Amino acid sequence: MTQPSPAPRPAGKKRRFAGTPAQIRSAAGFYKVLAYATGVMLLLVVVEMVAKYGFGAEIVAGGTTAEGASNVLGFLPEDSFTGGVNLSSVVLIVHGWMYVVYLIADFRLWSLMRWPFMRFITIALGGVVPLLSFFMERRVHGEVERELAEHPQAAKRY
């Protein structure tokens, strides 16, 4: 079975990439990993925000409660524990730095694909809106593969 060839681009509108297909696929893989990791961390941020602002609790691992009981992992009211690790703060810090790396992955893929700037912005929003990174990753990865298949001659050759 033969697949139909893509419609030719208008004269003067030749599609070019800023890297080889291997470089683009590598950037897409890096973006995919960061999209899932950032999405999971963003869901943890949502849990942390609900615990903090909905119930006035912090997620704490270890330490002791105000009554002297030891704590393994739990939601404790703010300032009612000593020692331990405040996982609420850890989640916020890790997500913040992970989002920076996500933006780097986004920028790398965007620049290799030579997409318009608004495409960069929409992909970047995937790490800010809960669950959006999972949907954006699937869509972006599919678009990368489709464009590489449609324009095999467009890859920059060294």
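Check the entry above for the structure.
Keep in mind the model is a prediction, meaning the values are calculated, not measured. (Residues numbered from 1 in each chain as written. Predicted model: local features only at pLDDT ≥ 70, side-chain atom pairs only at ≥ 80, totals over all residues. Heavy atoms only, no water.)

> Just checking my understanding: could you explain the packing of helix H2 (residues 87-113) against helix H3 (residues 117-124) for this structure?
The relative placement of two packed helices is expressed as an angle between their axes plus a distance between the axes. One can describe the packing of H2 onto H3 by two numbers: an axis separation of 10 Å at closest approach and a directional angle of 150°. Classified by the angle between their axes, H2 and H3 sit roughly antiparallel to one another. Taken as a pair, H2 and H3 cross one another with a handedness that is right-handed. Contacts between H2 and H3 involve Tyr99, Tyr102, Leu103, Asp106, Phe107 and Trp110 on the former and, on the latter, Phe117, Arg119, Phe120, Ile123 and Ala124. (Axes fitted to C-alpha atoms, helices over the stretch in contact; angles between N-to-C directions. Helix = DSSP H or I, 4+ residues; strand = E, 2+ residues; numbered from the N terminus. Parallel < 35°, antiparallel > 145°, perpendicular 65-115°, else oblique. Left-handed = near helix turned anticlockwise from the far one by under 90°. Contact = heavy atoms within 4.5 Å.)

> When you look at the pairing of strand E1 (residues 57-61) in this model, what are you seeing that I'm missing?
Residues in a regular strand point their side chains to alternate faces of the sheet. The element E1 is extensively covered by neighbouring structure, given that four of its five residues are classed as buried. Alignment of E1 against strand E5 (residues 85-86), held across two bridges, turns out to be antiparallel. Looking at the pairing, Val60 lines up with Asn86 of E5. (Buried < 20%, exposed > 50% of the residue type's maximum accessible area, 1.4 Å probe, protein only. Pairing = 2+ DSSP bridges.)

> What exactly am I supposed to notice about the nonpolar core here?
Burial of nonpolar side chains together is a common tendency in soluble globular proteins. Membership of the largest hydrophobic core comes to 22 residues, with the highest contact counts inside it found for Ile24, Tyr31, Leu109, Trp115, Val140 and Val144. Counting only elements with at least two residues in this core, the list comes to helix H1 (21-55), H2, H3 and helix H4 (132-150). Element by element, the count of residues in this core is highest for H2, at seven residues. Apart from the residues lying within four places of it in its own chain, the contact partners of Val144 are Ile24, Ala28, Leu109, Met113 and Trp115. (Core = buried A, V, L, I, M, F, W, Y, C linked by side-chain atoms within 4.5 Å.)

> Help me understand H3 in this model?
Every α-helix winds through 3.6 residues per turn, so residues three or four apart in the chain are directed the same way. Regarding H3, the residues found buried are Arg119, Phe120, Ile123 and Ala124. Buried residues of H3, seen end-on, are gathered within an arc of 135° and therefore sit on one face of the element. In the core, the buried residues of H3 are packed alongside H1, H2 and H4. (Arc of directions from axis to C-beta.)

> Mind showing me how you'd approach a nonpolar patch on the surface here?
On the surface, Phe30, Ile93, Trp97, Val100, Val101 and Ile104 cluster together to form a nonpolar patch covering roughly 580 Å² of accessible area. The element contributing the most residues to the nonpolar patch is H2, with five residues. (Patch = residues over 30% accessible without salt bridge, like charges linked within 9 Å, V, L, I, M, F, W, Y side chains within 5 Å. Areas by Shrake-Rupley, 256 points an atom, 1.4 Å probe, with all protein chains shown as cover. Salt bridge = Lys/Arg side-chain N within 4 Å of Asp/Glu carboxyl O.)

> How should the side chain of Arg119 be read in this particular structure?
Positionally, Arg119 belongs in helix H3. If we skip the residues at most four places from it in the chain, Arg119 touches Trp110, Met136, Val140 and Glu143.

> Mind showing me how you'd approach the pattern of salt bridges here?
Proximity of charged atoms lets side chains of opposite charge pair with each other. Using the criterion set out here, one finds four salt bridges in the structure. In this structure, the salt-bridge partner of Glu143 is Arg119, at a minimum N-O distance of 2.7 Å. Highlighted residues: Glu143 in helix H4 and Arg119 in helix H3, separated in sequence by 24 residues. Residue classification places Glu143 among the buried positions, given a relative accessible area of 15%. Among the ionic pairs, Glu150 bridges to Arg146, the shortest N-O distance being 3.6 Å. Taken together, the residues Glu150 and Arg146, both in helix H4 and four residues apart, mark about one turn of the helix.

> Help me understand the packing of aromatic side chains, please; the structure alone is not making it clear to me.
Here a ring pair, both rings aromatic, is described through the centre-centre distance and the interplanar angle of the planes. Scanning all chains against the criterion turns up eight aromatic pairs. On the numbers, 5.7 Å between centres and 35° between planes, the contact of Tyr31 with Tyr102 is tilted. Residue Tyr31 is located in helix H1, and its partner Tyr102 is located in helix H2; the two are separated by 71 residues in the primary sequence. Its relative accessible area of 1% is what places Tyr31 among the buried residues. Both rings, one in Phe107 and one in Phe120, keep their centres 6.1 Å apart while their planes meet at 90°; by these two values the pair is edge-to-face. Separated by 13 residues along the polypeptide, Phe107 in helix H2 and Phe120 in helix H3 bring together distant segments of the chain. Judged by its relative accessible area of 14%, Phe120 falls in the buried class. (Phe/Tyr/Trp six-rings, centres within 6.5 Å; stacked < 30°, edge-to-face > 60°.)

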